[in-house]
Amino acid sequence: MIETIQWTDQGVVMIDQTRLPAEETYVTCRNYREVADAIRTMIIRGAPAIGVAAAMGVAIGVAQADPADLDGQLAVISKELAGTRPTAVNLFWAIDRMNRVYSEIKHLPFEEIRERLIAEAKLVRVEDIQINMAMGRHGASLVPDGKTVLTHCNAGALATAGYGTALGVIRAAIESGKNIDVYADETRPFLQGARLTVWELQHDGIRATLITDNMAGHFLRAGQIGCVVVGADRIAANGDVANKIGTYSVAVLAKENNIPFYVAAPISTLDLTLSSGEFIPIEERGGAEVTHVFGVRVAPEGTEVRNPAFDVTPNRYVTAIITEKGVARAPFNESLRQLAELKK
Ligand code: MRU
């Protein structure tokens with residue numbers, strides 16, 4: 001099993017996703033600032049994995065804080081972690097969860113607060129794997145047998161604590177006996193598809209074919225894709241989905257060709273405070289990711305660049321949203337709220 005992130009006595013250990021697939025190396029974050037840097041620089045990435053990292057960042061930060069000013073230092077730690085990346089709501093969900101636990105136990109001795117927060121962060125990780133497996137069980141029946149599934153970016157074990165959201169659904173379908181091939185969009189500019197999705201599918205012996213992003217329409221039209229399954233970074237109350245840049249184009253092409261477009265995401269990715277996707281903050285990253293490929297310049301000096309890391313797919317392109325509590329379909333305002341309110 002791929003270990004994306006773990007709590008150890010030495011610190012928070014993460015597989016370095018900036019170095020895959022060339023090198024399988026691990027980074028140990030020894031304080032909350034190093035955790036924040038790891039999220040910012042995408043050593044760890046993917047909405048649920050960012051959430052787990054943030055929870056562990058809060059835990060390690062409080063564990064090393066001055067017991068005389070825990071309230072003040074927790075606020076500083078939370079602010080620094082919250083400022084790392086704006087789009088994946090799991091980051092803020094995890095920081096809020098850790099703050100809620102802290103406020104319930106702040107009257108206890110420091111040693112106990114420390115242990116309880118570490119236990120909570122470890123629980124966020126374990127629960128994430130269980131949630132992904134539940135999502136897989138709900139989604140497996142939607143994936144047609146004997147067909148190819150197209151995915152975009154990496155919504156796999158590497159983007160979570162393990163098993164994955166979109167790739168979890170694919171894994172579960174295969175575990176249920178279905179014969180499935182995966183086409184992975186390379187996912188420019190950061191190449192999560194080429195570098196991470198193909199690596200982790202190969203690791204698990206799942207047949208994966210790499211295509212460039214601009215080939216997706218060709219294969220969708222050619223009748224070779226049974227369905228599309230992607231993850232999400234934030235889903236608004238009306239079912240609009242923010243996910244890796246390029247997802248929107250795939251969704252439109254899927255609808256045009258009558259191919260189901262599924263989004264697999266945990267309830268912690270829902271942001272029911274936002275009525276629609278137009279309010280989701282979209283991260284804009286540095287231009288060098290576009291002008292350069294692995295340090296090699298591919299555009300002239302002085303090129304103007306835009307680099308939004310995510311786009312929003314309007315709900316009308318989304319066939320269903322697969323969560324750990326069940327599958328939501330349109331009208332999403334109702335179905336998502338009902339799922340969110342369901343007890344575990
Ligand atoms: O910029 P990234 O690599 O963090 O973006 C990741 C994605 O867009 C994933 O599709 C999303 O977080 C879902 S991961 C289960």
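In this text the structure is predicted, and so the values were computed from the model without any measurement.

**Student:** Account for the site of the ligand, naming residues and giving values.
**Tutor:** Close contacts around the ligand come from 19 residues, with Arg45, Arg85, Asp233, Asn243 and Lys244 the closest. Arg45 is positioned with one of its side-chain polar atoms (N or O) 2.8 Å from an oxygen atom of the ligand. The side chain of Asn243 places a nitrogen or oxygen atom 2.6 Å from an oxygen atom of the ligand. Bound to the protein, the ligand loses 100% of the 420 Å² it would expose on its own. Listed by contribution, the elements that provide at least two residues to the shell around the ligand are helix H2 (47-63) and strand S9 (241-244). A per-class count over the shell around the ligand returns 8 nonpolar, 7 polar and 4 charged. Residues lining the shell around the ligand come from more than one domain, with at least three contributed by each of domain 1 (5-133) and domain 2 (137-341).

**Student:** Go over the domain arrangement of the protein chain, please, and point to the residues and values.
**Tutor:** One can read the domain layout of the protein chain as domain 1 (5-133) and domain 2 (137-341). Just the C-alpha atoms count here: the centres of domain 1 and domain 2 sit 25 Å apart. Opposite the 28 residues of domain 1 that make contact, domain 2 presents 33 residues. Both faces combined, the contact of domain 1 with domain 2 buries some 2,700 Å², and carbon together with sulfur accounts for 57% of it. Of all residues in domain 1, Arg45, Thr87 and Met133 bury the most surface against domain 2, accounting for 24% of the area lost on that side.

**Student:** Tell me what's going on with the environment of Ala22, and back it up with residues and numbers.
**Tutor:** Summarising the element assignment, Ala22 is placed in the loop between strand S2 (11-15) and strand S3 (26-29). The spatial distance from the C-alpha of Ala22 to the C-alpha of Arg195 is 8.6 Å, given a sequence separation of 173 residues.

**Student:** Before we move on, could you go through the environment of Asp9 and cite the residues and values that matter?
**Tutor:** Along the chain, Asp9 falls in the loop between strand S1 (5-8) and S2. C-alpha of Asp9 to C-alpha of His138: the two residues are 129 residues apart in sequence and 36 Å apart in space.

**Student:** Please provide a residue-by-residue account of unusual backbone geometry, values included.
**Tutor:** With an omega dihedral of 0 degrees, the bond running from Leu20 to Pro21 counts as a cis peptide bond. Mapped onto the fold, Pro21 is located in the loop between S2 and S3. Each neighbour pair has its own omega, and for Arg188 with Pro189 the value is 5 degrees, a cis peptide bond. Residues other than glycine seldom take positive phi values, yet Cys153 does so here, at roughly 65 degrees. As for its position among the elements, Cys153 is in the loop between strand S4 (148-151) and helix H6 (166-175). According to the relative accessible area criterion, Cys153 is buried, its value standing at 7%. Even without being a glycine, Thr187 presents a positive backbone phi close to 70 degrees. Tracing the sequence through the fold places Thr187 in the loop between strand S5 (181-185) and helix H7 (192-203). Assessed through its relative accessible area of 0%, Thr187 is described here as buried.

**Student:** Account for the pattern of salt bridges, naming residues and giving values.
**Tutor:** Inspection of every chain in the model, using the stated rule, returns 19 salt bridges. A salt bridge links Glu120 to Arg97; its shortest N-O distance comes to 2.8 Å. In this pair, Glu120 sits in helix H5 (residues 110-139) while Arg97 sits in helix H4 (residues 89-105), placing the two residues 23 residues apart along the sequence. We note that Glu120, like Arg97, is buried.

**Student:** Requested: an account of the sheet that holds strand S11 (residues 270-271), with residues and values cited.
**Tutor:** Judged by pairing direction, the sheet is mixed, and its 4 strands sit side by side in the order S11-S8-S9-S14 without closing on themselves. Looking along the sheet, the strands with just one partner apiece sit at the ends: S11 and strand S14 (310-313).

**Student:** Break down the packing of H2 against H5 for me, with residues and values.
**Tutor:** Where H2 meets H5, the axes come as close as 9 Å, and the angle between the chain directions of the two elements is 170 degrees. Judged by the angle between their axes, H2 and H5 are roughly antiparallel. Along its contact with H2, which presents Pro48, Val52, Ala55, Met56, Ala59, Val62 and Ala63, the element H5 presents Phe110, Ile113, Arg114, Leu117, Ile118, Ala121, Val124, Arg125 and Asp128. A class-by-class count of the residues in the contact of H2 with H5 yields 13 nonpolar, no polar and 3 charged.

**Student:** How would you explain the nonpolar core if you had to name every residue and give the values?
**Tutor:** With 45 residues, the main nonpolar core has Val12, Met14, Val35 and Leu117 as its most contacted residues. Ranked by the residues each element gives to this core, the list is headed by H2, at 12 residues. For Leu117, the contacting residues outside a window of four places in its chain are Ala59, Val62, Met98, Val101, Tyr102 and Ile105. Counting residues in hydrophobic clusters, the runner-up holds 28 residues, among them Ala232, Val250, Phe332 and Leu339.

About the cut-offs
Residues numbered from 1 in each chain as written. Predicted model: local features only at pLDDT ≥ 70, side-chain atom pairs only at ≥ 80, totals over all residues. Heavy atoms only, no water. Near = heavy atom within 4 Å. Polar contact = N/O pair within 3.5 Å; in protein donor to acceptor, adjacent residues only side chain to side chain. Areas by Shrake-Rupley, 256 points an atom, 1.4 Å probe, with all protein chains shown as cover. Helix = DSSP H or I, 4+ residues; strand = E, 2+ residues; numbered from the N terminus. Nonpolar A, V, L, I, M, F, W, Y, C, P; charged D, E, K, R; others polar. Domains from an automatic or database assignment. Contact = heavy atoms within 4.5 Å. Buried area = accessible area lost by both parts, 1.4 Å probe. Buried < 20%, exposed > 50% of the residue type's maximum accessible area, 1.4 Å probe, protein only. Salt bridge = Lys/Arg side-chain N within 4 Å of Asp/Glu carboxyl O. Pairing = 2+ DSSP bridges. Axes fitted to C-alpha atoms, helices over the stretch in contact; angles between N-to-C directions. Parallel < 35°, antiparallel > 145°, perpendicular 65-115°, else oblique. Core = buried A, V, L, I, M, F, W, Y, C linked by side-chain atoms within 4.5 Å.

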